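Now for the letters of each chain:
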Amino acid sequence: MSRPPVKSYDAFKPRSDSLSRDQLNRAVRTQPLAVPFYSQNSFESEAPLASNSLSAQRISNKESALRYRSSEKDAGSSEEHYKEKEDSESKSKKLKTGCCGCCCGGMSDEEEDETAFDDRSFLIKAGRKGNPRDSDTPCVDACGATVRKMCPPKPKKSRTVVLGRPDPNAKYSRNKLRNQKYSVITFIPIVLYEQFKFFLNLYFLIIALTQFVPQLKVNYLFTYWGPLAFVLMVTMVREAIDDFRRFSRDKEVNSTMYKKVTNEGVVKIPSSKIQVGDIIQLDKNQRVPADLVLLRTTEAQGTCFIRTDQLDGETDWKLRVAVPCTQRLENDSDLFSINAFIYADKPHMDIYSFIGTFTINGHQGKEEVSLSMENTMWSNTVVASGSATGCVVYTGTDTRSVMNTSQPQSKVGLLDNEVNFLTKLLFIFLLGLTIALMILKSFEGQWYIYLFRFMILLSSIIPISLRMNLDMGKLVYSWFMQTDKHIPETVVRSTTIPEELGRISYLLSDKTGTLTQNEMVFKKLHLGNLCLSSDSFSEVRFDVEDAIATEIKGSKMSSGNQKLVEAVKAISLCHNVTPVYDDEPAEGGGAKLNGAAAMDGLFEPNLNVSYQASSPDEIALVKWTEMVGLPLVHRDIEKMRLKCKDEELCFKILEVFPFTSETKRMGIIVQNERTGEITFYSKGADTVMSSMCAYTDWLDEECGNMAREGLRTLVVAKKQLSKDQYEDFSSKLNQAKLAMQERNLKVRMVIESLENELEVVGLTGVEDKLQLDVRPTLESIRNAGIKVWMLTGDKLETACCIAKSSRLVSPRQNLHVIGQVYDRMQAHQELNNFRRKTDCALVVLGESLTLILKHYEYEFMDLAVQCPAVVICRCSPTQKADVVRLIQRHTKKRCAAIGDGGNDVSMIQAADAGVGIVGKEGKQASLAADFSISQFKHVGRLFLVHGRNSYKRSAALAQFVMHRGLIISVMQAIFSACFYFSAVSLYNGILVTGYATVYTMFPVFSLVYDQDVTPEIAMMYPELYKELLKGRYLTLKTFLIWVLVSIYQAGVLMFGALILFEEQFLHIVAISFTALIGTELIMVALTIQTWAVVMVLSLLFSMATYAASMFVLPGTFNREFILSWGFVWKTVVLTLVSCMPIYIMKLLRRKFSPPTYSKLT
């Protein structure tokens, strides 16, 4: 039986009363997978997956298998037992998967679904051809695939780690960070390969090599080797500098010193020397160097806060708990006095799960403790409070952070690929022209020598200066971006793809810290008959303080105050917030979790208190209760204390039910120490709380009102319990926790038995502050034709609220939410429901997307790309990158990604243009990005102004450089044809070199300063950007137009010079070459749309340089002839005849088919 489809904005909510036991068990135990998997199945077909697909990954019950393995308490306790178990698992896996280690042979779909998923990216295992843009050479891909088949990577295995005693025979990954692209040995070969894989450079290398053959030499060596060597030298220097910077950053991280606990005491070792099994001490604000299991903390209760912003993008501190049996030890050195070891599951990419056990073999028997996420500290997290001691279980490439980070790749822009394609067409034109000359020559004599000489003579058709001009232009565009005062602190880290910013069709954005400031502000509290907003909060404080004082005295308060106090008290108690006091003790390493003053019940207002929780919403709520006079002053595992003036309210924590993405709510049972009353408080999304609470006629309406205001709503409810009720509930709960089979299901059913007929005490509305000018920026980007997808690791409700408040989804558009999807049938039904919607934004859970893409990848993408906006929540870092590649592969369009945290690095590196924001989550995303900005609003100007100008300028520059080479080559062909097909150069090496450099280079290159509209108009009318998405500025059509123009002008110049030929051959050279230079300069002037000083100066400099060279090159020019009136008028006539028709055509086109921007200027 399939689950009912989601038909509204509400998220899917699994309930035991509507599901079978097996379905709910599967729903509870299924964990989100880090990587989406894909197939090519038909949308209507229910056929099994194609057997020839290399993708053997399936949604598995990996956690269930590992949980069963970790719960075998009676199966043995020694290290040998676990090693035997690992060996048996390895043998079993080989039997199932075959010799190659892949799940490819002999298994049914059901058997494959039970196998653990592989940690490699789905793209590596895809059975289809990948995106051609991901690699420039298909042959290299084929070779790489062959090598991977012959030498597959070693499968990851679970491990048994002895505490404090690294195994010298174990082959674990070194804990050494390496982001370099090259080594000393591979630098030159790889750089040369990266350059000569482009047809343009390879062609000129061959041409330059032919000049060493005497029979083929037609000019000086420097004519061909000079430009080629310059291009290679600039590239190698740039790559060397970039890689040295990466080396310096890696060296800094790898040489960071850490404290290692040994039998002889504490020693300091660099991060690169840390091994699996080492015991490491960490102080406050110190980065965790490897994946650790937390053993001890400076807090008596064994708790510790860590910051995970560089791992999952969430800036909120996470609470971690030390292993109880090691926390009880007096000091760290006692860890070596116990015989203990840790069993950890195999390394994988899921940062939200960990399965393991901690075992001690002592004199009193064996003690075994299960380990979970709360006992771990992943690499790249930071200790936020106190000091911590942990045992290393994963290092280097086995750590979660490294496995979720893709390797940096050299990005090639779309314009570079287009230019590369056009150079191939030029080569075909060259071959055609050469063969035509040989046919006219009748292949006489040593025709093959003439064939090569003609090819070398006409080699200017493909100008090597094209690559040099484009590369220099990229540097200029990068300089423009970094010096733009409107986007300060912008850094261009990849100077090879600035034009990509002008071709973006999809922008994939992170949420936390990118669209929002991640600062929550409490805005509204609705009590049913009363709505409190920020304007009235100051008055609430007096009412709360008076009401609580009245309650403590035992007097009766008014019904209005009763509701208010109950709501404030519920908000003060129902959370997982811990106050942290920065009293900076002399020893112990930083802030205390609860502070000495608070522990004594003496709350000092002047103490610097901060609140830490797993969600910023919780902190906003607790800060509000402090503002209205009921602050949280102390919390530990057993109790909470609230303050109201001089009175203290103490509550004993009996049970805590944390928030999960499945339940979408949290609960807590507390007992008032003064009155003995036991109360169950619950808080969660309105979609799940409405069915748990007693009927109210205002809740749904007010939830809708707050949601339309962009507020994140939480329903707060309570239920009074008698002592007998609680004891009965506690007994059932403890019994369910001890169950070895279906434990999660039984615990969930016991808790749900309490979640009925709850009394609604209030509805809260919290606002997540958006980044400055996010709304107008997103609006401009949408108007520019760029579709925005938001990929976030946050909850579904939060993502929906931000999508609305940021105007990512316009107020007129509806949201279609795809919640939890458990099977193929439900995925099919969800897509059918979504297909019936029009003008509707899509919201989908990451784990549901995994299942949908597994069966209906193409059908989903066909629907998703038509949406005005897409929001994917609960996304892992690797899944973000996979979504980028998915869009690239299906749409063949350019994608940009923007983020600010370490969890966004993979997405940024996978995108065609990665943008990093320097924010609260550090600089990791900024350092890994191609472009670094300080605020999200700057991305608008980056795309609409700099991206647009960069693309249009490079397109014009590329075509003009090709025109410059075509015209002189056609003139050479005409000259050879007219003079008995002689393979003799029309111009000597000095003129040929000067033509491509000092005579025309500066005016042509000055096109990088040209612009059709001002930046202000480009920002005011973002629709101008849409024209770029059509790619009409550098196409086969425009290329052919320039070819025809070049042929016409070359014919006019060459035939005109021959007609006006007088006495000497030098006269042909003087007239034709001077007219050629004049034609090029005039064509540049006709192309320029907005004149700048540098353009005028470059034209004047080129004319002066050429005029001077005519007098200093007597062997090339006849001084008397060039000073004659005949030379002047003949040159002017040829130049005007070659340029005037082109100018007239431009005028007619502007008159009858004006460009869009002409209407705005």
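Numbers given for residues are sequential positions, taken from 1 along each chain in its written order. Thresholds applied to this predicted model are a pLDDT of at least 70 for local features of residues and 80 or more for the giving and counting of side-chain atom pairs; totals over whole chains, interfaces and linings are not thresholded and use all residues. Just so you know, side-chain values use all the structure's heavy atoms and leave hydrogens and water out.

Observations regarding the confidence of the model for the protein
We apply this condition: Across the chain, each position has a pLDDT score giving the predictor's confidence in that residue, from 0 to 100. We call two residues contacting when some pair of their heavy atoms lies within 4.5 Å.
Per-residue pLDDT for the protein averages 79, and the proportion of residues at 70 or more is 82%. Below a pLDDT of 50 lies the segment residues 1-142, which in the model reaches 278 contacts outside its immediate sequence neighbourhood of four places, other chains included. Contacts for the low-pLDDT stretch residues 584-591, under 50 throughout, to residues beyond four places or in other chains number 17 contacts.

Considerations on helix α24 (residues 774-783)
Applicable threshold: Think of it in three bands: with a 1.4 Å probe and only protein chains considered, a residue is buried below 20% of the maximum accessible area for its type, exposed above 50%, and partly exposed in between. What counts as a helix is a DSSP run of H or I of at least four residues, what counts as a strand is a run of E of at least two, and both are numbered from the N terminus. Our arc is simply the arc of the directions from the helix axis toward the C-beta atoms.
Considered for burial, the residues of α24 that qualify are V774, T777, L778, S780 and I781. The arc enclosing the buried residues of α24, seen along the axis, measures out at 160 degrees, which places them on a common side. On its buried side, α24 packs onto β15 (504-509), β26 (759-770), β27 (787-791) and α31 (938-978). A positive backbone phi angle near 90 degrees is found at G785, which sits one or two residues after α24.

Considerations on the pairing of strand β13 (residues 388-394)
Put simply, the rule reads: The criterion for strand pairing is that DSSP finds at least two bridges linking the strands in question.
The element β13 is largely enclosed, with a buried count of 7 among its 7 residues. Sheet analysis places strand β4 (residues 279-282) next to β13, joined by 4 bridges and oriented antiparallel. Along β13, the bridge assignment pairs I279 with C391. Pairing geometry for strand β5 (residues 291-297) and β13, over 6 bridges, is antiparallel. Bridging from a neighbouring strand, R296 pairs with T389 of β13.

A short note on the environment of A910
With respect to the helices and strands, A910 occurs in helix α29 (residues 905-910). Taking the C-alpha atoms as reference points, A910 and Q888, separated by 22 residues in sequence, lie 9.7 Å from one another. Once residues lying within four places of it in the same chain are set aside, the contact partners of A910 are A881, V884, R885 and Q888.

A short note on the sheet that holds β27
One open sheet holds the 9 strands; their spatial order is β14-β33-β32-β31-β15-β27-β30-β29-β28, and the pairing between them is mixed. Because the sheet does not close on itself, it has two edges, and the strands there are β14 (491-492) and β28 (814-818). Bridge count between strand β29 (residues 840-845) and strand β30 (residues 869-873): 4 bridges; the pairing is parallel. Directly across from V844, in β30, lies its bridge partner I872.

Some points on the sheet that holds strand β20 (residues 632-635)
Basically, it comes down to this: Fitted lines through C-alpha atoms serve as axes, helices being fitted only where they are in contact, and the angles separating the N-to-C directions of these axes extend from 0 to 180 degrees.
Within the open sheet, the 9 strands sit side by side as β17-β16-β26-β25-β24-β23-β22-β21-β20. Their pairing is antiparallel. Since the sheet does not close on itself, it has two edges, and those belong to β17 (531-533) and β20, each with one partner. Direction aside, the axes of adjacent strands within the sheet are offset by 30 degrees on average. The pairing of strand β16 (residues 516-526) with β26 spans 7 bridges and is classified as antiparallel. Opposite F522, over in β26, you have V766 as the bridge partner. Helix α21 (residues 699-708) contacts β16, β25 (712-721) and β26 of the sheet and is inclined by roughly 5 degrees relative to β26.

Focus on the nonpolar core
Operational definition: Among the buried residues, those of types Ala, Val, Leu, Ile, Met, Phe, Trp, Tyr and Cys that are joined through side-chain atoms within 4.5 Å form a nonpolar core.
Among the nonpolar cores identified, the biggest contains 104 residues, and F931, L942 and F943 are the most heavily contacted of them. The greatest single-element share of this core, amounting to 13 residues, is contributed by α31. If we skip the residues at most four places from it in the chain, L942 touches M481, I487, T490, L501, V915, F931, I933 and G947. Ranked by size, the runner-up nonpolar core spans 43 residues in total, among them F522, V544, I571 and V670.

Looking at the pattern of salt bridges
It is possible for side chains bearing opposite charge to pair when their charged atoms get close. To keep things clear, this is the line we draw: A pair is scored as a salt bridge if a Lys or Arg side-chain nitrogen falls within 4 Å of a carboxyl oxygen belonging to Asp or Glu.
Per the counting criterion, the structure on display carries 34 salt bridges. The salt bridge involving R328 is made with E367; its shortest N-O contact spans 3.4 Å. Of this pair, R328 sits in the loop between α11 (324-327) and β8 (340-344) while E367 sits in strand β10 (residues 365-371), and the two are 39 residues apart along the sequence. Accessibility expressed as a relative area gives 33% for E367, which makes it partly exposed. By sharing partners, the salt bridges in this structure join R665, R748, E752 and E755 into a single network.

Quick look at the environment of F542
Looking at the element boundaries, F542 is found in helix α16 (residues 537-553). Exposure remark for F542: the relative accessible area of 52% places this residue in the exposed category. In this structure the C-alpha to C-alpha distance between F542 and G629, which are 87 residues apart in sequence, comes to 7.8 Å.

Structural notes on the environment of L986
With respect to the secondary-structure elements, L986 resides in the loop between α31 and α32 (989-996). Residue classification places L986 among the buried residues on the basis of a relative accessible area of 3%. Along the sequence, L986 and Q972 sit 14 residues apart, while their C-alpha atoms lie 5.9 Å from each other.

What to know about the packing of helix α13 (residues 414-440) against α31
Condition: The labels follow the angle: roughly parallel below 35 degrees, roughly antiparallel above 145, roughly perpendicular from 65 to 115, and oblique for the rest. The residue classification treats Ala, Val, Leu, Ile, Met, Phe, Trp, Tyr, Cys and Pro as nonpolar and Asp, Glu, Lys and Arg as charged. All others, Gly included, are polar.
Contact geometry of α13 with α31 gives a least axis separation of 12 Å together with a crossing angle of 10 degrees. The angle between α13 and α31 falls in the class roughly parallel. Taken together, the residues of α31 that come into contact with α13 (itself represented by L415, V419, L422, L426, F429, L433 and L437) are Y951, S954, A955, A958, M962, L966, V970, A973 and A977. Across the contact of α13 with α31, the residue classes break down as 15 nonpolar, 1 polar and no charged.

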